[in-house]
Structures are given as structure tokens and as C-alpha cells.
Amino acid sequence: INAEYGDDCASFELRFGNVRVPTAKTTYACWQWPIPADLRDNHIVRIDPIVDNVKNAHHFVVFVSDEQIELGPNCAMTGQVIYAWAVGVEDFRLPPQTGLPLNGKFISIQAHYDNAEQVAGIVDASGLKFYVAPKRNETASMLWLGQWLDDGLEPKQKNVTIHGTCRLDNDDFSVGFESLVFASFSAHAHAGSTHLDSAHVERGRRRRKIR
């Protein structure tokens, strides 16, 4: 690790403990930890998933904030989302001299568990391992792409295509930028989705598929 990120890189694990997964088909739960003062304003340069129960762990969302959150089931994400892991995603490594900001007083993880067979007695100790180093030259952030189904879907439809557009101009961001570089991409959906596709479109022309 030191050879790749430098001697001043530190690592720590945040695990959920031996949490009992409810027998409900789907469950959300949150955990929160204080960020030590000496790590605040540093950069996360790598995140490794620690998946204790592959069959039931569906996704983890990481966010930082200055406020404490309500823990336990059915919790809501508050603060700045900086990372998300989902089934099939491996280690997340930032490019050289790039990092995710570790701003705020607290770091939280929301976990989504699937228990389709409603099995009782499942215990999970998953979590994430973070690698933190002094602030890098470039600051990364997470960009969500997707479409909410607020009104649901019409019944008895064989195929439904949903299209969404995210405009990457300065009017859509609180801080402007000169260029945008994709360091990583992953697609994620819940039950009912069969195909996801994302592409970079410039001046009305499809430039490249984002993978």
C-alpha cells in the first residue's frame, strides 16, 4: 500500500458488527462513526468492500455529514454521498493524485439487504476498508445517473424503456469545472430491471458508451 499511495497513507475498516438480517424481503439499515480530527479534510484514495454475506448484501452507500443520523432500520441518507458499493463491484481505486474528500464530523454507511426467501437467523458482519492519505491535487466526487419511478409502471407491460438525461454544464453544479473525467463507473438496479445503458452525449451526438 505504501509503495502505491505513499508512507503517509493510513487504512481503517468500518464494519456493521454481527447484525441480524430481518426476515423481511428487503431491509435498509444505517451505521455512523465519528471521523477523527486528524483525518478530516484528508482524501480517500481507495475503498475495498468487505462482503460477509454475498447472497444477502445488495448495496452499501457511504456519506459524510456534520450531523448525527437516526440509526437502525428504515434510515434516511443525509449529507454528501461520496461512494456506493453494489453486487459485483470490486476494489475502488482513485487515479494518482486524486481522492474523495473526507469532509465532515461523521461518516455513515447505509446497507441494503435482500432476503427474498425470508430466512431467519442470518448474521452479517460486512463493511468497507478505507485508505486515507493527505489531500491530493484533484478532488473526486460521485455523480448519480438515473430516473425515479415516482408514478410506478403501467400493469401488463411486456417492455418499458425509461430514458433520463443529466446535463453536465455549470448551471447544474454548485461549483464550476473546466473538464470532467470519469474514473470509474458501475451500473445498478433493483428487481424488474433487465438492462442498463449509459452514454456520453455531446451536442446531440452519442460520443461513447460509459462502462
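These notes cover the structure that comes with them. Residue indices follow the written sequence of each chain, beginning from 1 at its first position. Confidence filtering applies because this is a predicted model: local features only for residues at pLDDT of at least 70, side-chain atom pairs given and counted only at 80 or more, and all residues used for totals across whole chains, interfaces and linings. With hydrogens and water stripped out, all remaining heavy atoms of the structure feed into the side-chain values.

1. Side note on the side chain of glutamine 32
Here's step 1: For helices the rule is a DSSP run of H or I covering at least 4 residues; for strands it is a run of E covering at least 2, with both sets numbered from the N terminus onward. Turning to its location among the elements, glutamine 32 is positioned in strand β3 (residues 26–34).
Here's step 2: Polar contacts, as used here, are pairs of N or O atoms within 3.5 Å; protein pairs need one atom able to donate a hydrogen and one able to accept it. Residues neighboring in sequence count only if both atoms are side-chain atoms. A distance of 3.3 Å separates the side chain of glutamine 32 from the backbone nitrogen of isoleucine 69, its partner in a polar contact.
Here's step 3: Here the side chain of glutamine 32 touches serine 108 through a polar contact of 3.1 Å, side chain to side chain.
Here's step 4: Residues within four places of glutamine 32 in sequence aside, it is in contact with Ser65, Glu67, Gln68, Ile69, Leu71, Phe106, Ile107 and Ser108. Contact definition: two residues touch when any of their heavy atoms are within 4.5 Å.

2. As for the environment of phenylalanine 60
Here's step 1: As for its position among the elements, phenylalanine 60 is in strand β5 (residues 57–65).
Here's step 2: Throughout, exposure labels follow a simple rule: accessible area from a 1.4 Å probe, protein chains only, divided by the maximum for the residue type, with under 20% read as buried, over 50% as exposed, and the rest as partly exposed. Phenylalanine 60 sits in the buried class, given a relative accessible area of 0%.
Here's step 3: Along the primary structure phenylalanine 60 and alanine 29 are separated by 31 residues, whereas in three dimensions their C-alpha atoms are 9.7 Å apart.
Here's step 4: If sequence neighbours within four positions are ignored, phenylalanine 60 has contacts with Phe16, Tyr83, Ala84, Trp85, Ile109, Gln110, Ala111, Ser126, Gly127 and Leu128.

3. Quick look at unusual backbone geometry
Here's step 1: The residue glutamine 118 is not glycine, and still its phi comes out positive at about 55 degrees.
Here's step 2: With respect to the helices and strands, the residue glutamine 118 is situated in the loop between β10 (106–114) and β11 (123–124).
Here's step 3: Positive phi, close to 65 degrees, is recorded for lysine 156, a residue that is not glycine.
Here's step 4: With relative accessibility at 84%, the residue lysine 156 sits in the exposed group.

4. Side note on the packing of aromatic side chains
Where two aromatic rings form a pair, the distance of their centres and the angle of their planes describe that pair.
Here's step 1: Note on aromatic contacts: the rings of Phe and Tyr and the six-membered ring of Trp form a pair at centre separations within 6.5 Å, being stacked when their planes are under 30 degrees apart, edge-to-face when over 60 apart, and tilted otherwise. If you walk through the whole model with that rule in mind, you get five aromatic pairs.
Here's step 2: For the ring pair phenylalanine 12 and phenylalanine 130, a centre distance of 5.4 Å and an interplane angle of 20 degrees mean the geometry is stacked. Of the two residues, phenylalanine 12 is situated in strand β1 (residues 10–15) and phenylalanine 130 in strand β12 (residues 127–133); the sequence distance between them amounts to 118 residues.
Here's step 3: Three or more aromatic residues link up through ring pairs in this structure, and these residues are Phe16, Trp31, Phe60 and Trp85.
Here's step 4: Stacked on the ring of tyrosine 131, the Lys or Arg arginine 46 has its end atom at 4.7 Å from the ring centre. In this scheme, Lys NZ or Arg CZ marks a charge over a ring once it lies within 6 Å of the ring centre and within 35 degrees of the ring normal.

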